[in-house]
Amino acid sequence: MDNATRLYCLKTMGIEVWTPRDAQNVEAVDKIDALMPDVDKLVEIKTEQDTWQALTNEIKTCQACDLCQTRQQAVVGSGNLNAEVLWVTEAPTLGDEQQNQAFADDRAALFDEMLRAMSLSREAVFMTHIVKCRPPDDRDPKKAELAACGDFLTRQIALIQPKLIISVGRVATQQLLQSKETLTNLRGTVHHIDAIPMVAIYHPAYLLRKLSAKSMAWDDMQLALTFLK
Ligand code: SF4
């Protein structure tokens, strides 16, 4: 922000503006000005924090679908708010709900291994679910629940602006792509969500059951990595 704009802003805020009387004072003000934080950037950061805060509050108190009646808590997501990679998986499980994060439970170790293989970590990425509340008995979310919750994920994507989205498992992939194709047909290629590349990958829970699918998962991870170089 230049000095003239700063003076204008202070004036419109009703703050009395001290005007330098000679060149020496002008120079001093310019030096002080150079040390001042960029107000535009501060406003931008504050807006972002406020928006995340607002979004978190909305999700935590949301009653837009029946899942609010059986949840222990809504799971907003966790990780780096400025992540290059956004991982989106199915609905929270009991473990996810209790630990308030995605990929908890017995799948956590394999998911962490997958991250490590890509030189990533939970702290470097953001992880969230396609719906934020756990369906009873860990059933698949219903169409109405997916529709009711969709806007939250859209807002998270807009806030994070990731370079890449990785959808994990059939439910998240089909919902993100609005497709009824099998995950086998949807994986192995690059899709786009609002111009952001998206790669689909098998869920760690599936990989633990079907070891032969691990090589395909590795292929998908390699495909994802091409966007992060
Ligand atoms: Fe709201 Fe989504 Fe939870 Fe349904 S699943 S209550 S839409 S936060």
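Whatever comes next refers back to the structure up there.
Criteria and cut-off values
- Residues numbered from 1 in each chain as written.
- Predicted model: local features only at pLDDT ≥ 70, side-chain atom pairs only at ≥ 80, totals over all residues.
- Heavy atoms only, no water.
- Near = heavy atom within 4 Å.
- Nonpolar A, V, L, I, M, F, W, Y, C, P; charged D, E, K, R; others polar.
- Phe/Tyr/Trp six-rings, centres within 6.5 Å; stacked < 30°, edge-to-face > 60°.
- Buried < 20%, exposed > 50% of the residue type's maximum accessible area, 1.4 Å probe, protein only.
- Core = buried A, V, L, I, M, F, W, Y, C linked by side-chain atoms within 4.5 Å.
- Contact = heavy atoms within 4.5 Å.
- Helix = DSSP H or I, 4+ residues; strand = E, 2+ residues; numbered from the N terminus.
- Expected span 1.5 Å × (residues − 1).
- Bend = angle between axes of the 7 residues up to and from the residue.

Asks: Go over the site of the ligand with me, naming the residues and quoting the values.
Replies: Close to the ligand lie C62, A64, C65, L67, C68, R71, K132, C133, A148, C149 and F152, which account for all nearby residues. Counted by class, the shell around the ligand contains nine nonpolar, no polar and two charged residues.

Asks: Kindly report on the packing of aromatic side chains, identifying the contributing residues and their values.
Replies: On inspection of all chains with the given rule, the structure shows four aromatic pairs. Taking the centre distance of 3.8 Å and the plane angle of 10° together, the rings of F103 and F111 count as stacked. On the basis of relative accessible area, F111 is assigned to the buried category, the value being 0%. Taken together, the aromatic side chains of W87, F103 and F111 make up a single cluster linked through ring pairs.

Asks: Could you give an account of the nonpolar core, naming the residues involved and the relevant values?
Replies: Formed by 57 residues in total, the largest nonpolar core has its most connected members in W87, I130, I165 and I166. Residues within four places of W87 in sequence aside, it is in contact with F103, F111, L115, M118, L120, V125, F126, M127, T128, I166, V168 and I201.

Asks: Any details on helix α6 (residues 143-160)? Residues and values, ideally.
Replies: Compared with the 26 Å implied by 1.5 Å per residue over 18 residues, the 26 Å span of α6 between its first and last C-alpha is a close match. The largest bend along α6 reaches roughly 40° and is located at C149. Along α6, the residues that are buried comprise E145, L146, C149, F152, L153, Q156, I157, L159 and I160. Among the residues trailing α6, Q161 stands out with phi positive, at a value near 50°.

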